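# Residue-level structural notes
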Amino acid sequence: LYERRFANVEPFYNSQARVERFDGGLEVIDERGQALAVLRPSTPRSGSRETATRVLLIGLPGAGKSTVGGILAQRLGVDVFRLDDIRAVVSDGTIAGDYLARSVFLRRCARGEAALYEFCAAGYHRVAVRQAFREAADPLLTVWIDTPAPVRRGRLAHRSTTVPLPDWGIAPGSFDAAMEAKLAHDFDSGWWAESPGWRATRVDGTRPPEEVASAIAATLIDAGGAR
């Protein structure tokens, strides 16, 4: 129904669909095939790595994932895929819209490409995300940005951007302590490091973002996952 051809077109929702171009670029198009948003211009990287650089940043809202991730991705020369960024593009704030965003994120996690991924990892969705990474069967470094609750709340109070989220009927922050406990339990039990080639590390989110990004990059270099 549209003149442009694509390598892959996901199902339309609210007259929009996420597509992959033949040059590796990612877009959101309308039903006429016109670009509404460019998620990735193209795939500029060439050559290969002995070990794929796949980094998953986890932590509660306000931990500093996006700031650290932006610095780290630039240093590594990889793309960034954030669940909240996908929500901003494809979700309309409904339950169905949120699950659509989660589905897009899962598809990206399962592709196995060298990139940086980011989401909270404290709810039930973490099970599906871990399974998607396992389907890719490639090395993965999971980094928990551990930031105390008072610091996170202070950062969130100054945040100007909003993400379209459904009304779950739960007051924001109601399960903050339980979610933090779940993150700690998963990390301490080796939940994010149980597959071959997977590693997990914990960093202090109160440190300057540049220092945190450098520490993560050093971990990758020591393991031979980046140069």
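Please read all numbers here as calculations on a predicted model, not as lab measurements.

Moving on: the packing of helix α2 (residues 83-90) against helix α3 (residues 95-109). Helix-helix packing is characterised by the crossing angle of the two axes and by the distance between the axes. As a packed pair, α2 and α3 sit with axes 9 Å apart at the nearest point and diverge in direction by 130 degrees. Between α2 and α3, the interaxial angle falls into the category oblique. As for the relative orientation of α2 and α3, their crossing is right-handed in sense. Contacts between α2 and α3 involve L83, I86, R87 and V90 from the first element and D98, L100, A101, R102, V104 and F105 from the second. Residue composition of the contact of α2 with α3, grouped by class: 7 nonpolar, no polar and 3 charged.

This part takes up the side chain of D146. You can see D146 is positioned in strand β8 (residues 140-146). A polar contact of 2.9 Å, which involves the side chain of D146, links it to the side chain of R202. Not counting residues up to four positions away in its chain, the partners in contact with D146 are E180, R202, V203, D204 and G205.

The next point concerns the environment of V89. Relative to the elements of secondary structure, V89 occurs in helix α2. Between the C-alpha atoms of V89 and G62, which are 27 residues apart in sequence, the distance is 21 Å. Apart from the residues lying within four places of it in its own chain, the contact partners of V89 are Q16, V28, A37 and L39.

Quick look at the packing of α3 against helix α4 (residues 125-136) now. Running from amino to carboxyl end, α3 crosses α4 at an angle of 30 degrees, the nearest separation of the two axes being 8 Å. Between α3 and α4, the angle is such that the two are roughly parallel. Each of R102, F105, L106 and C109 in α3 lies in contact with α4, whose residues at this interface are H125, A128, V129, A132, F133 and A136. Within the contact of α3 with α4, the residues separate by chemical class into 8 nonpolar, 1 polar and 1 charged.

Thresholds applied
Residues numbered from 1 in each chain as written. Predicted model: local features only at pLDDT ≥ 70, side-chain atom pairs only at ≥ 80, totals over all residues. Heavy atoms only, no water. Axes fitted to C-alpha atoms, helices over the stretch in contact; angles between N-to-C directions. Helix = DSSP H or I, 4+ residues; strand = E, 2+ residues; numbered from the N terminus. Parallel < 35°, antiparallel > 145°, perpendicular 65-115°, else oblique. Left-handed = near helix turned anticlockwise from the far one by under 90°. Contact = heavy atoms within 4.5 Å. Nonpolar A, V, L, I, M, F, W, Y, C, P; charged D, E, K, R; others polar. Polar contact = N/O pair within 3.5 Å; in protein donor to acceptor, adjacent residues only side chain to side chain.

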